[in-house]
Amino acid sequence: MFAKAFRVKSNTAIKGSDRRKLRADVTAAFPSIGTDQASELVPGKEELNVVKLYAHKGDAVTVYVSGGNPILFELEKNLYPTVYTLWSYPDLLPTFTTWPPVLEKLAGGADLMLPGLVVPPAGLPPVQKGDLCAIALVGNRAPVAVGVAAMSTAEMLTSGLRGRGFSVLHTYQDHLWKSGDRSSPPSIAPLAVSPPDLSEEKGCVLVDPGLHEDMRHLHLKGVDEENGEVLQLRGEKALSEASEDTSVGVLNQDSAGSKALHEQMDELLQRCFLHALKSRVRKADLPLLTSTFLGSHMFSCCPEGQQLDIKKSSYKKLSKFLQHMQQEQIIQVKELSKGVESIVAVDWKHPRITSFITPEPSLASQPIQEGSREQPYHPPDIRSLYCVPAGMTLLFQESGHKKGSFLEGSEVRTIIINYAKNNDLVDADNKNLVKLDPVLCDCILEKNEKHTVLKLPWDSLLTRCLEKLQPAYQVTFPGQEPIVKKGKICPIDIILAQRASNKKVTIVRNLEAYGLDPCSVAAILQQRCQASTSVTPAPGAKDSLQVQIQGNQVHHLSQLLLDEYQLPRKHIQGLEKAPKPGKKK
């Protein structure tokens, strides 16, 4: 469903009543989850957004986003967990196992066929047709896909593991996963198996290395059907039989190991917290939403190769951790609006902050990956150009240019000056005048001027030439090849519109022409303006989106576009619509 890019309709903060309803829906949809776990999944005070979008096939989907990651999505009044949620609650759904090479096909939009299943020694999980299931890979219980069973377990076994097994809705590495922090699946050991002939110690199933040799006989074939691409897996019978020969290893999992994991995550959490306060947060950023502090600052301070997961710490929740930091008098947290907490003060002279040594970034981590949320924006270099039309080809062909050639203004001036000097057109008596030959007459004069105007001053000649050329422009983004187009570049258009009940909204268009993602701009403005935003198709413009913000937010847009993004003022229209400060009486 999310194999291709989707279109966002709106992105708003959830209301308190809707938050409670969602928590009740989660408990009803997933009976295995407890009340405490439902409260952790749908937090009471942390920021939770509702994103309404359209999938590439037109399906209307509602996505719930917490801490920057999508945690649930709703389709046709059915609630589904994302892989981010399943990594925290791996036992939420019945889990089936497949081979690692299959993941690439699933992420591309394929369904899972039964020949691709790996049957564990304990047998397949019991499910009915239409049940929601998770799909994991051999050797790791962390789910990588969410799907719906196409038949019951009994029917799967009766069919001899032939046919379509699961309709896949969402996978690791699809576009819904890419809308989060793009973290990789954690390593979760398979469940323990204790046959009668083994010791009573807890263990887990280990895959025999010999199975990797059998994988060479497995090939994948994509088949197009009416409902989309279907994954057909065919292999030798030895493949399914080999899964019965898996060896069983014993791994001790005592409480000391779990405690050590909590301690390591607590240490990483505090390290990212101090790093963010010392190097990223400034006094001007306060008050700062706690969810923004986590998603935009703490996550980016996590060392390379490590993954920050609050649920694996002893605090379990961000609010509890920040309360602990407040008790140490490092920060001050207040609930500025109902259900939303913000950091309102930071003691940068606190010994823990002053003594913290900021690690130097590694060379490997310096290049910024495309699509990363931490990628800084650099404004494009925009240059005005001129295109040679058919009517002026004779004037420019001596300099080696033809119809459709793009020139800068300085190049045009040089060509005109050289043409006049090479053809002895400079007036001998007054060198500020240029005599017009037949070529210049045809190129720059109007019909009624051809028999009356014989000479022109230099500035008038150059001005007329530039006016006769077609306007064009060149846009160069950092690290990319220049893009040259005819016409004039459309400025970023800021419109102030009025809606029902005399409410004003601010609309921004043409962001894509300057390399700005409308969805990212909407998310930033939503946090800064503390107002609802939406992204919709721009009327009358093909493949263009517009951002709508509730209220008159031209002042915030001016700060974002001019001060932070460093865009030239001449390429932005509508800045004068900012609200005027009230006069003192």
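Overview of the structure. None of the values given here were measured: they were computed from a predicted structure.

## Re the overall build of the chain
From N to C terminus, the chain includes 18 helices and 29 strands. When the 585 residues of the chain are sorted by exposure, 42% land in the buried category. Within the chain, counting contacts between residues at least 6 apart in sequence, those at least 24 apart form 59% of the total. For the chain, the accessible area works out to roughly 31900 Å², and carbon and sulfur atoms hold 49% of it.

## Details of the pairing of strand β25 (residues 492-498)
Note that β25 and strand β29 (residues 572-573) share 2 bridges and pair parallel. Looking at the pairing, isoleucine 492 lines up with isoleucine 572 of β29. Pairing of β25 with strand β26 (residues 504-509) involves 6 bridges; the strand directions are antiparallel. Paired with isoleucine 494 across the bridge in β26 is valine 508.

## As for the pattern of salt bridges
In total, this model carries 10 salt bridges according to the counting rule given. A salt bridge links arginine 352 to glutamate 328; its shortest N-O distance comes to 2.9 Å. Residue arginine 352 is located in helix α12 (residues 351-354), and its partner glutamate 328 is located in the loop between α11 (318-327) and β17 (331-337); the two are separated by 24 residues in the primary sequence. Among the salt bridges present, the one from glutamate 564 reaches arginine 528, with a minimum N-O distance of 2.4 Å. In this pair, glutamate 564 sits in helix α18 (residues 554-564) while arginine 528 sits in helix α17 (residues 518-529), placing the two residues 36 residues apart along the sequence. Linked through salt bridges whose partners overlap, the residues forming this network are Asp381, Arg383 and Glu408.

## Description of the pairing of strand β6 (residues 95-98)
Burial along β6 is one-sided: the residues Phe96 and Thr98 are buried and none of Thr95 and Thr97 is. The pairing of β6 with strand β9 (residues 132-137) spans 4 bridges and is classified as parallel. Pairing of threonine 97 across the sheet is with alanine 136, part of β9. Both β6 and strand β8 (residues 117-118) contribute to a ladder of 2 bridges, which runs antiparallel. Considered in β8, the bridge of threonine 97 is made with valine 118.

## Remarks on the environment of serine 184
The topology assignment puts serine 184 in the loop between α6 (175-178) and β12 (204-205). By relative accessible area, serine 184 is classed as partly exposed at 41%. Remark: the alpha-carbon pair of serine 184 and tyrosine 172, spanning 12 residues in sequence, is separated by 8.2 Å. With residues up to four places along the chain from it excluded, the contact list for serine 184 reads Trp87, Tyr172 and Gln307.

## Quick look at the packing of aromatic side chains
Considering all chains together, one arrives at 10 aromatic pairs under this definition. Plain terms: the ring middles of tyrosine 172 and tryptophan 177 are 5.0 Å apart, the flat faces sit at 80 degrees to each other, and that makes the pair edge-to-face. Per residue, the accessibility class of tyrosine 172 equals that of tryptophan 177, and both read buried.

## A look at the side chain of glutamine 553
Residue position: glutamine 553 is located in the loop between β28 (545-550) and α18. For glutamine 553, a relative accessible area of 10% corresponds to the buried category. Separated by 2.9 Å, the side chain of glutamine 553 and the backbone oxygen of glutamine 550 make a polar contact. Dropping the residues within four chain positions of it, glutamine 553 is found in contact with Thr506, Cys529 and Ala531.

## Here's the deal with the side chain of threonine 171
Relative to the helices and strands, threonine 171 resides in strand β11 (residues 164-171). Residue classification places threonine 171 among the buried positions, given a relative accessible area of 2%. Those residues within four positions of threonine 171 in sequence are excluded, and the remaining contacts are Val83, Leu106, Ala107, Val144, Ala145 and Trp177.

## Description of α11
Buried within α11 we find Leu318, Ser319, Phe321, Leu322 and Met325. The buried residues of α11 occupy an angular sector of 160 degrees when projected down its axis, which confines them to one face. Following α11 by one or two positions, glutamine 329 has its phi on the positive side, about 65 degrees.

## Brief notes about the environment of isoleucine 343
Topologically, isoleucine 343 is positioned in strand β18 (residues 340-346). Placed 55 residues apart in sequence, isoleucine 343 and leucine 288 show a C-alpha to C-alpha distance of 5.1 Å. For isoleucine 343, the residues in contact, after removing those within four places along its chain, are Leu286, Pro287, Leu288, Thr290, Phe293, Ile331, Gln332 and Val333.

## Observations concerning the sheet that holds strand β19 (residues 381-387)
The strand order across the open sheet formed by 4 strands is β20-β19-β23-β24, and the pairing between neighbours is antiparallel. In this open sheet, the two edge strands, each paired with only one partner strand, are β20 (406-407) and β24 (483-486). Two strands pair when backbone bridges link them, and β19 and β20 are joined in this way by 2 bridges, in the antiparallel orientation. Residue pairing for β20: tyrosine 386 is matched across the bridge by leucine 407.

## A short note on the sheet that holds β26
As summarised here, the arrangement of the 10 strands in space is β5-β4-β3-β2-β1-β27-β28-β26-β25-β29, forming an open sheet in which the pairing is mixed. Pairing within the sheet leaves two strands with one partner each, and these edge strands are β5 (78-81) and β29. Bridge count for strand β1 (residues 7-13) against strand β2 (residues 48-54) is 6 bridges, and the pairing is antiparallel. Each residue of the ladder has a partner; that of threonine 12, found in β2, is valine 50.

## Structural notes on unusual backbone geometry
Backbone geometry follows two general trends: most residues other than glycine have a negative phi, and most peptide bonds adopt the trans configuration. In the segment running from leucine 286 into proline 287, the intervening peptide bond is cis, with an omega of -5 degrees. With a phi close to 65 degrees, glutamine 329 is a non-glycine residue in the positive phi region. Tracing the chain through its elements places glutamine 329 in the loop between α11 and β17. One non-glycine residue with positive phi stands out, namely aspartate 424, at about 55 degrees. On the basis of relative accessibility, which here comes to 60%, the residue aspartate 424 falls in the exposed class.

Conventions and cut-offs
Residues numbered from 1 in each chain as written. Predicted model: local features only at pLDDT ≥ 70, side-chain atom pairs only at ≥ 80, totals over all residues. Heavy atoms only, no water. Helix = DSSP H or I, 4+ residues; strand = E, 2+ residues; numbered from the N terminus. Buried < 20%, exposed > 50% of the residue type's maximum accessible area, 1.4 Å probe, protein only. Contact = heavy atoms within 4.5 Å. Areas by Shrake-Rupley, 256 points an atom, 1.4 Å probe, with all protein chains shown as cover. Pairing = 2+ DSSP bridges. Salt bridge = Lys/Arg side-chain N within 4 Å of Asp/Glu carboxyl O. Phe/Tyr/Trp six-rings, centres within 6.5 Å; stacked < 30°, edge-to-face > 60°. Polar contact = N/O pair within 3.5 Å; in protein donor to acceptor, adjacent residues only side chain to side chain. Arc of directions from axis to C-beta.

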